[in-house]
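Secondary and tertiary structure notes
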Amino acid sequence: MATTTTTVPSAGPVAGSRSFLSRLREGDEIARIITFLFAASVVLVTILLVFELWQDSSPARHKFGFDFFRTSVWDPVFEQFGALPFIYGTLVTAAISLLIAVPLGIGAAIFLAELAPARVSDTLEFFIDLLAAVPSVIYGVLGIFIVVPLMRQYIQPALKHSLGFLPFFQGPTYGIGFLTAGIVLAIMVIPYIISVSREVLLSVPRDQREAALSLGATRWESTWKVVVPFARAGIFGSIFLALARALGETMAVTMVIGNTPKISASLFSPGYSIAAVIANEFTEATGDLHTQALIELGLVLFILTFILNGFARLLIVATSQRGSGTAHV
Amino acid sequence: MKRIAGLLLVILAVAGGVLWAAAALTITGAGATFPYPMYSKWFDEYHKKNPNLEINYQSIGSGGGIKQVTEGTVDFGASDGPMNDEQLKSYQDKHGFAVLHFPTVLGADVPAYNIPGVTVELNFTPEAIVGIFLGKITKWNDPAIAGSNKGVALPANDIVVVHRSEGSGTTYIWTDYLSKVSEEWKTKVGKGASVNWPVGLGAKGNESVAGTIKNTPNSFGYVELIYAIQNNMPYGRVKNSSGVFIKAELASVTAAAAGAAKNMPDDFRVSITDAPGKTAYPIASFTWLLIPQKFSDAAKRDAIKGFVKWMLADGQNYTEALAYAKLPKEVVTKELKALNSVQ
């Protein structure tokens with residue numbers, strides 16, 4: 001607690017004997033109280049957020065109960081609301097984006113951290129940071145004008161031709177849909193994975209590499225078998241940061257996903273995501289139940305993120321116990 | 001430290017004083033996005049004429065406008081669809097007096113398409129439009145479309161339907177029209193700012209709908225008339241209730257309102273889709289200001305009444321430059337009368 005002064009770890013032999021008043025005057029105590037309040041505000045905001053979502057969605061939760069997660073009709077006129085197509089769309093697009101972004105991002109990070117000359121690495125890092133800072137609506141525009149026509153004219157017909165026997169690559173090719181949304185998301189999250197993974201790889205102690213090399217390992221062997229496992233926790237961290245962004249992304253997704261609440265195996269089909277439907281319908285939702293259902297969707301997205309984050313933590317704990325030392329980022 | 005704090009106080013005081021002097025009275029409103037360009041022009045012009053009055057309008061959407069005026073957080077609201085009886089009742093219960101609708105301008109939806117090889121203006125019957133949006137008419141050369149377009153070589157391609165993804169007044173007008181011309185649409189889908197679309201792709205905003213139509217061969221969708229005019233988009237004629245295929249233009253939209261004006265209810269909550277009259281374009285609508293009937297602040301009341309009066313007279317001259325259709329004279333007269341009941 002902020003008021004108990006005895007728990008403050010003493011900074012030196014003198015600090016312990018100083019009175020509360022003198023420390024207050026010198027700023028230690030003030031700094032501690034202020035920073036504590038800042039830290040506490042994070043917890044407070046999270047709790048308030050959940051409370052608000054829970055409270056405001058209450059009538060919709062009571063009306064639909066568990067059916068909200070099982071049904072897939074979303075009809076604002078006749079007030080039937082089911083969240084399944086949105087949950088499906090959110091998970092599918094996030095999964096596609098990670099499938100593409102993880103190998104590309106980690107590969108690029110390894111090159112930048114281990115193999116590229118420092119000058120090249122630093123220059124590229126500048127561009128990557130720039131990419132990470134581009135507003136998502138810009139990626140959406142890029143998606144509409146470049147990715148969508150490319151998908152419709154070349155990529156989707158090619159996939160249909162070669163892999164059309166799979167249910168994922170069937171049906172009409174509009175250019176928009178799950179696959180396009182996943183690809184645009186991948187482009188958006190790759191900079192995060194590269195940037196964080198590169199930092200983590202660079203922070204692996206030099207003697208780890210030297211030890212591996214001195215045992216006769218090649219450059220690649222030392223990178224792949226020693227450096228990357230050493231940095232595993234941090235790399236996972238970058239992936240989960242990317243996942244969080246992919247789950248919550250709104251603008252870029254709504255511009256290319258097709259905004260149709262339907263579940264279909266084909267990745268060419270238009271779909272919908274939770275964040276997109278909230279952004280699309282919230283301002284013009286006139287019925288109370290419609291608004292509440294959208295708020296409940298917000299709660300679902302929160303829970304989804306929470307569960308996936310929990311998994312992430314478990315995974316990091318599990319892998320770091322099994323393997324070598326842990327890298328902290 | 002003290003000096004900085006003192007300086008800050010002085011700056012705040014000066015800034016506050018300047019703001020106070022600049023606008024003696026600020027009125028806030030919120031709501032519909034569709035008429036926002038018009039409203040912002042009006043509020044700006046009116047502010048030039050009355051420097052002491054500032055009208056601050058936030059285009060947060062019609063749903064938001066209705067909610068905020070009901071909550072009492074804004075002085076007036078604005079909506080593309082009239083408030084329903086339930087919403088009016090909840091306003092009355094909360095405040096003890098009513099909220100009034102005042103039509104400001106007119107908007108219309110037009111059917112837009114992209115069929116490779118077809119450059120002429122197509123004619124659409126209500127049956128064709130409903131059939132396409134219900135997913136019953138799936139090919140461009142369907143007799144329901146080809147029948148009213150003799151001599152046009154329509155391809156046997158699948159129609160890709162494009163609609164708005166976000167809740168919007170444009171969608172409200174479109175679905176209101178479809179509900180009027182088709183019993184099946186009314187019972188299956190209904191009207192609203194967002195509906196459960198039987199078929200099609202959802203695109204966000206007029207820009208996206210237009211972009212998707214432009215980029216997707218054999219597509220069909222709807223956009224606001226203003227948007228089609230400003231972007232030179234080709235769009236089709238629609239058969240009105242008198243059986244005439246008519247193109248959406250500012251004149252034909254105003255004609256639709258004039259046709260409806262004769263039976264205008266006193267509360268102005270009227271839908272003018274499928275309006276009577278040979279020259280009336282059938283997919284049009286008013287957009288409304290939502291003004292409380294009673295104000296506790298007399299200065300605000302007089303300011304709002306003054307603005308509405310100006311908007312109905314001089315204000316209407318600004319509409320066509322921004323591609324909004326004017327209110328017919330009958331409606332203006334009726335509104336001026338209704339304005340007197342605001343106290």
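Quick caveat, the model's predicted, so the values are computed rather than measured.

A few words on the overall build of chain B. Secondary structure summary: chain B contains 13 helices and 11 strands in total. A globule of 343 residues ought to have a C-alpha radius of gyration of about 20 Å, and chain B, at 23 Å, matches this closely. When its C-alpha atoms are laid out on the principal axes, chain B stretches across 80 × 50 × 35 Å. Counting all 343 residues of chain B, 49% fall into the buried class.

Residue and element names in this part refer to chain B. In spatial order, the strands read 2-1-3-11-4-8-6-7; together these 8 strands make up an open sheet with mixed pairing. With partners counted over all chains shown, the strands left at the sheet margins are strand 2 (53-58) and strand 7 (201-203), one partner each. In this sheet, neighbouring strand axes are inclined to one another by 25° on average, regardless of whether the strands run parallel or antiparallel. As defined by bridge partners, strand 4 (residues 99-114) adjoins strand 11 (residues 284-292) across 9 bridges and the pair is classed as antiparallel. Looking at the pairing, Val99 lines up with Pro292 of strand 11. Of the strands in this sheet, strand 2 and strand 4 are in contact with helix 2 (residues 36-49), which crosses strand 2 at around 170°. Taken strand by strand, helix 11 (residues 250-261) contacts strand 4 and strand 11, and its axis lies near 135° from that of strand 4.

Within a beta sheet, neighbouring strands are joined by backbone hydrogen bonds and run either parallel or antiparallel to one another. Residues and elements named next belong to chain B. With mixed pairing, the 3 strands of this open sheet are ordered in space as 5-9-10. Of all the strands in the sheet, the pair left with one neighbour each is strand 5 (123-124) and strand 10 (245-246). Across 2 bridges, the pairing between strand 9 (residues 237-239) and strand 10 is antiparallel. Opposite Lys239, over in strand 10, you have Phe245 as the bridge partner.

All names here are of chain B. Across the interface, helix 12 (residues 298-312) lies against helix 13 (residues 329-339) with an axial gap of 10 Å and an inter-helix angle of 170°. Overall, the two elements helix 12 and helix 13 adopt an arrangement that is roughly antiparallel. Residue-level contacts link Lys305, Val308, Lys309 and Leu312 of helix 12 to Val332, Glu335, Leu336 and Leu339 of helix 13. Looking at the contact of helix 12 with helix 13 residue by residue, the class counts come to 5 nonpolar, no polar and 3 charged.

So, on to unusual backbone geometry. At A:Asn259, a residue that is not glycine, the phi angle is positive and equals roughly 50°. Inspection of the secondary structure puts A:Asn259 in the loop between helix 12 (251-256) and helix 13 (274-281). Although it is not a glycine, B:Asn218 adopts a positive phi angle of roughly 65°. Locating B:Asn218 in the fold gives a position in the loop between helix 9 (205-215) and strand 8 (219-224). Using a count of 16 C-beta atoms within 10 Å as the deciding quantity, one classes B:Asn218 as partly exposed.

On to the interface of chain B and chain A. Contacts between chain B and chain A engage 27 residues on the former and 23 residues on the latter. Those elements giving two or more residues to the side of chain B that touches chain A turn out to be helix 3 (62-71), strand 7 and helix 9 of chain B.

To continue, consider the nonpolar core. Formed by 176 residues in total, the largest nonpolar core has its most connected members in A:Ile193 and A:Val256. Counting residues per element, this core draws most heavily on helix 8 (residues 178-202) of chain A, which supplies 17 residues.

This part covers the pairing of strand 4 of chain B. Residue and element names in this part refer to chain B. Across the 16 residues of strand 4, 16 count as buried, placing the element largely inside the fold. As judged from the 6 bridges shared by strand 4 and strand 8, these two strands associate in the antiparallel manner. Residue Val110 lies in a different strand from strand 8, and its bridge partner there is Val223.

For helix 8 of chain A, with 25 residues, the first-to-last C-alpha span of 35 Å sits near the 36 Å given by 1.5 Å per residue. Summarising burial for helix 8 of chain A: 23 of the 25 residues are buried, a large majority.

Residue and element names in this part refer to chain B. Taking every second residue as pointing to the same face, the buried face of strand 2 carries Leu53, Ile55 and Tyr57, while none of Glu54, Asn56 and Gln58 on the other face is buried. The pairing of strand 1 (residues 25-31) with strand 2 spans 6 bridges and is parallel. Looking at strand 2, one finds that Ile27 is bridged to Ile55. Running through helix 2, the crossover from strand 1 to the neighbouring parallel element strand 2 is right-handed.

Now for the environment of B:Trp140. Residues and elements named next belong to chain B. As for its placement among the helices and strands, Trp140 is situated in the loop between helix 5 (126-134) and helix 6 (143-146). Judged by the 23 C-beta atoms lying within 10 Å of it, Trp140 falls in the buried class. Sequence spacing of Trp140 and Asn157 is 17 residues, and the spatial spacing of their C-alpha atoms is 5.9 Å. Not counting chain neighbours up to four residues away, the residues in contact with Trp140 comprise Ile115, Ile145, Leu154, Pro155, Asn157, Ile159 and Asn218.

Residues and elements named next belong to chain A. Of all residues in chain A, 91% attain a pLDDT of 70 or more, and the chain-wide mean is 87. When mean pLDDT is compared element by element in chain A, helix 5 (residues 84-115) scores highest at 95, while helix 1 (residues 20-26) scores lowest at 76. Scored below 50 in pLDDT, residues 1-15 shows 6 contacts in the model against residues more than four places distant or in partner chains. A low-confidence stretch, residues 323-329 stays under pLDDT 50, and its non-local contacts, those more than four residues away or across chains, total 17 contacts.

Averaged over all residues, the pLDDT of chain B is 89; the fraction at 70 or higher stands at 93%. Scored by ipTM, the complex comes to 0.74, with pTM at 0.80.

Let us look at the packing of helix 9 (residues 206-214) of chain A against helix 10 (residues 219-230) of chain A. Residue and element names in this part refer to chain A. Packing of helix 9 against helix 10 brings their axes to within 10 Å, and their N-to-C directions diverge by 145°. The interaxial crossing formed by helix 9 with helix 10 has right-handed handedness. On the side of helix 9, the interface is formed by Gln208, Arg209, Ala212 and Leu213, while helix 10 contributes Glu221, Ser222, Val226, Val227 and Phe230. Across the contact of helix 9 with helix 10, the residue classes tally to 5 nonpolar, 2 polar and 2 charged.

Rules used throughout
- Just so you know, the residues in each chain are numbered from 1, in the order the chain's sequence is written.
- All chains are assigned letters beginning at A, and all ligands numbers beginning at 1, according to the order in which they are written.
- Totals for whole chains, interfaces and linings use every residue, but because this is a predicted model, local features are given only for residues with pLDDT of at least 70 and side-chain atom pairs only at 80 or more, for both listing and counting.
- Helical segments are the DSSP runs of H or I of at least four residues, strand segments are the runs of E of at least two, and each set is numbered from the N terminus.
- Using C-alpha atoms as the atom set, the radius of gyration is obtained and then compared with a globule rule of 2.2 Å times the number of residues to the power 0.38.
- Put plainly, a residue is buried at 20 or more neighbouring C-beta atoms within 10 Å of its own, exposed at 12 or fewer, and partly exposed in between, counting only other residues' C-beta atoms, which are placed from the backbone.
- DSSP bridges decide pairing: two strands pair if at least two such bridges lie between them.
- To obtain each axis, a line is fitted to C-alpha atoms, and for helices this fit is confined to the stretch in contact; angles are then taken between N-to-C directions over 0 to 180 degrees.
- Contact between two residues is assigned when their C-beta atoms, built from the backbone, lie within 7 Å.
- Any angle from 65 to 115 degrees is called roughly perpendicular, while one under 35 is roughly parallel, one over 145 is roughly antiparallel, and all others are oblique.
- Here the term charged refers only to Asp, Glu, Lys and Arg, the term nonpolar to Ala, Val, Leu, Ile, Met, Phe, Trp, Tyr, Cys and Pro, and the term polar to all other amino acids, Gly among them.
- By our criterion, buried Ala, Val, Leu, Ile, Met, Phe, Trp, Tyr and Cys residues that link up through C-beta atoms within 7 Å make up a nonpolar core.
- One fewer than the residue count of a helix, multiplied by 1.5 Å, yields its expected span.
- Viewed with both strands pointing away, a crossover whose connecting path from the first strand over the helix to the second turns clockwise is right-handed.
- Each residue carries a pLDDT value, the predictor's own confidence for that position, ranging from 0 to 100.
- By the definition used in this description, the sense in which the near helix is turned from the far one sets the handedness, with an anticlockwise turn below a right angle giving left-handed and a clockwise turn giving right-handed.

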